[in-house]
Amino acid sequence: MAPKKLVAIRVDPVLCVGSGMCISAHPDRFAFKPDGHADYVGRELDEATAAEAAELCPVSAISLVYEETEGR
Ligand code: SF4
């Protein structure tokens, strides 16, 4: 399988219920927006942290977006 490159970390504002689990676990990477939903605020894409936060999120609102970098 071709290696994948992480290109984005997304929080779905429709799914996010504002539980704050991601922010409690990683306050340097996630923060609440004024609308009460979380967003990824890290300067660089921290794959391990985002993957852990995605596991913690009770509504699976956090997703890691990959781009295939080889094999095309
Ligand atoms: S853990 Fe999920 S539901 Fe809770 S604030 Fe973060 S993204 Fe939103």
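In this report, the structure presented in the accompanying data block is examined. Here the residue numbering is sequential within each chain, running from 1 through the sequence in written order. For a predicted model such as this one, the threshold for reporting local features is a pLDDT of at least 70, and the threshold for listing and counting side-chain atom pairs is 80 or more; totals across whole chains, interfaces and linings nevertheless cover every residue. Working from all heavy atoms in the structure, the side-chain values ignore hydrogens and water.

With respect to the nonpolar core
Then, in step 1: Core analysis: the largest hydrophobic core is formed by 14 residues, its most contacted members being Ile9, Val11, Cys22, Phe30, Ala38 and Ile62.
Then, in step 2: Only DSSP runs of H or I covering at least 4 residues are called helices, and only runs of E covering at least 2 are called strands; the numbering of each starts at the N terminus. Elements represented by at least two residues in this core include exactly β1 (4-11), α1 (21-25), β3 (38-40) and α2 (47-56).
Then, in step 3: No other element matches β1, which puts 3 residues into this core.
Then, in step 4: Any two residues having at least one pair of non-hydrogen atoms within 4.5 Å are treated as being in contact. Sequence-distant contacts of Val11, that is, excluding residues within four places in its chain, are made with Cys16, Phe30, Ala38, Asp39, Tyr40, Ala61 and Ile62. To form a nonpolar core, buried Ala, Val, Leu, Ile, Met, Phe, Trp, Tyr and Cys residues must be joined to one another through side-chain atoms within 4.5 Å. A 1.4 Å probe rolled over the protein chains alone gives each residue an accessible area, and that area as a share of the maximum for its type sets the label: buried under 20%, exposed over 50%, partly exposed in between.

Side note on the site of the ligand
Then, in step 1: Near the ligand, the surroundings consist of 13 residues, among which Cys16, Ser19, Gly20, Cys22 and Cys57 are the closest.
Then, in step 2: A class-by-class count of the residues in the shell around the ligand yields 10 nonpolar, 3 polar and no charged. One heavy atom within 4 Å of a molecule or strand makes the whole residue count as near it. Any residue outside Ala, Val, Leu, Ile, Met, Phe, Trp, Tyr, Cys, Pro, Asp, Glu, Lys and Arg is labelled polar, Gly included; the first ten of those are nonpolar and the last four are charged.

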